[in-house]
Amino acid sequence: MAGNNGFRPSKQHLQTCSSFVLASILASTLQIYFFSPISPDPLHLPPVSAAINLPTNNKLQEVTKIGEGFLNKPEDLCFDEEGILYTATRDGWIKRLHRNGSWEDWKLIGGYALLGITTARAGGIFVCDAQKGLLKVGEDGVSLLTSHVNGSEIRFADDVIEASDGSLYFSVASSKFGLHHWYLDLLEAKPHGQLLKYDPLLNETSIILDNLVFPNGVALSQDEDFLVVCETWKFRCLKYWLKGERKGRTETFIDNLPNGPDNINLAPDGSFWIALIKLASDGFEFVHASKALKHFVATFPKLFQLVDGSNEKATVVKVAADGKIVDKFDDPNGKVMSFVTSALEFEDHLYLGSLNTNFIGKLPLKAA
């Protein structure tokens, strides 16, 4: 029988080990709380309202894939008067699809931060570059329209729309975090965003709305009497009146959306198409309610992949001018489309941009 010669730690040794463990825990806690890049608020995930309680479907799995393999995460798109489709991709290109079905590498802007785009009435397109600011892109090249407001750099230009008088309304998703750290803005869940106006005649940029919670898509109503801006982390869209007795006032256009609204586009009938992003991964919704867990995830950013639900599904909704949802299309498990960021109606088809595809989805609306 073997003798009892096992190591027996002394009381002093146990105290030393305990002190080391406690010191490590304390150091980690200090690291998380005092060196965390965020100062978070809880993010309240909304209940699904009765108005949005439409049955889940698989309509977005029926899309035709256009430009497959030629496009790198085409977030947004637009059409000009000739029916040419333009899209901005994550590899810094503005690419376009001609009526004859041929694709063209049109303009190389560079970088990875091309976001919302819209057709310019005088020709060419306007582009939000999250690194540079608001750009005009035409056959003769690329020009920077604005990069500062009130002396501060515009660091996260997101989406833009042009009014009939030439004014440009565009969102700044965050004045604190840049595109590369967008997830920190989500975890912090505080109002760092703005809605800006660029006046091309005066070459001036002004703040229309401040303290918005990640303002994303912007769209003008059919009569241009109001503007809609989507607050992604608030699960709602705001209406800002441009004309009439309520000019200058802000009110809720639609709230309690089941997921965060991204880009918004006016439909030919005066309604709006809104792309919705799933912000919380299934089973990890609790993280957004805990400040401590938010600090932890922000300090160790690779953990955000567990929390992020954007690639799990796709949803777009059609919202009437009175703020009521009239239709909804889904890919409930992200089988074909996920992380859909824009939906644009053109000639009885819905075109869908995404940050998780190498194509643009095309869905016939009459069949849908």
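This one's a predicted model, so the numbers in the text were calculated from it and none came from an experiment.

Caption draft 1: Structural context of the overall build of the chain. From N to C terminus, the chain includes four helices and 26 strands. Considering the chain as a whole, with its 368 residues, one finds that 52% of them fall into the buried category.

Caption draft 2: Region of the structure containing the pairing of strand S9 (residues 141-146). Alignment of strand S8 (residues 133-138) against S9, held across five bridges, turns out to be antiparallel. Across the sheet, leucine 134 pairs through a bridge with threonine 146, a residue of S9. Hairpin geometry of S8 and S9 is characterised by an intervening segment of two residues between the two adjacent antiparallel strands.

Caption draft 3: Geometry of unusual backbone geometry. One non-glycine residue, asparagine 150, lies in positive phi territory at about 50°. Topologically, asparagine 150 is positioned in the loop between strand S10 (148-149) and strand S11 (152-153). Residue classification places asparagine 150 among the exposed positions, given a relative accessible area of 63%. Non-glycine residue phenylalanine 339 carries a positive phi angle of around 50°. Position of phenylalanine 339 relative to the elements: it lies in the loop between strand S23 (325-331) and strand S24 (340-346). The class of phenylalanine 339 is buried, set by a relative accessible area of 14%.

Caption draft 4: Up close: the packing of aromatic side chains. Throughout the structure, instances matching the rule amount to 16 aromatic pairs. Here the aromatic rings of phenylalanine 156 and phenylalanine 214 are separated by 5.6 Å at their centres, their planes lie at 85°, and the arrangement is edge-to-face. In this pair, phenylalanine 156 is assigned in the loop between S11 and strand S12 (157-162) and phenylalanine 214 in the loop between strand S15 (204-212) and strand S16 (215-220), connecting sequence segments 58 residues apart. Relative to phenylalanine 304, the ring of tryptophan 182 lies with its centre 5.6 Å away and its plane at 85°, an arrangement referred to as edge-to-face. Of this pair, tryptophan 182 sits in helix H2 (residues 182-188) while phenylalanine 304 sits in helix H4 (residues 304-307), placing them 122 residues apart in sequence. Across the ring face of phenylalanine 70, the terminal group of lysine 95 is positioned such that the distance to the ring centre comes to 4.0 Å.

Caption draft 5: Quick peek at the sheet that holds strand S21 (residues 272-277). Pairing in this open sheet of four strands is antiparallel, and the strands run S20-S21-S22-S23 from one edge to the other. With one partner strand each, in any of the chains shown, strand S20 (260-266) and S23 form the two edges of the open sheet. Taken pair by pair, the neighbouring strands of this sheet meet at an average axis angle of 20°, ignoring direction. Where S20 meets S21, five bridges bridge the pair, whose relative direction is antiparallel.

Caption draft 6: Here's a closer look at the sheet that holds strand S17 (residues 226-231). Read from one edge to the other, the open sheet built from four strands follows the order S16-S17-S18-S19, with strand pairing classed as antiparallel. The strands lining the two open edges of the sheet, one partner per strand, are S16 and strand S19 (250-254). Neighbour to neighbour, the strand axes of the sheet diverge by 30° on average, direction disregarded.

Caption draft 7: Structural detail: the layout of surface pockets. Estimates place the volume of the largest pocket at around 920 Å³. Along the wall of the largest pocket there are 40 residues; nearest its centre are Cys78, Phe79, Thr118, Thr119 and Ile161. Within the residue set of the lining of the largest pocket, elements represented by two or more residues are strand S2 (76-79), strand S6 (114-119), S12, S16, S20 and S24. Across the lining of the largest pocket, the residue classes break down as 19 nonpolar, nine polar and 12 charged. The calculated volume of the second largest pocket comes to roughly 760 Å³. Around the second largest pocket, the lining comprises 31 residues; the ones closest to its centre are Arg90, Leu179, Trp182, Phe339 and Leu355.

Cut-offs used in this document
Residues numbered from 1 in each chain as written. Predicted model: local features only at pLDDT ≥ 70, side-chain atom pairs only at ≥ 80, totals over all residues. Heavy atoms only, no water. Helix = DSSP H or I, 4+ residues; strand = E, 2+ residues; numbered from the N terminus. Buried < 20%, exposed > 50% of the residue type's maximum accessible area, 1.4 Å probe, protein only. Pairing = 2+ DSSP bridges. Phe/Tyr/Trp six-rings, centres within 6.5 Å; stacked < 30°, edge-to-face > 60°. Lys NZ or Arg CZ within 6 Å of the ring centre and 35° of its normal. Axes fitted to C-alpha atoms, helices over the stretch in contact; angles between N-to-C directions. 1 Å grid on protein atoms, 1.4 Å probe; cavity = no way out; pocket = protein on both sides within 12 Å on 5 of 7 lines; lining within 4 Å. Points joined across faces, edges and corners; volume = space filled by probe spheres on them. Nonpolar A, V, L, I, M, F, W, Y, C, P; charged D, E, K, R; others polar.

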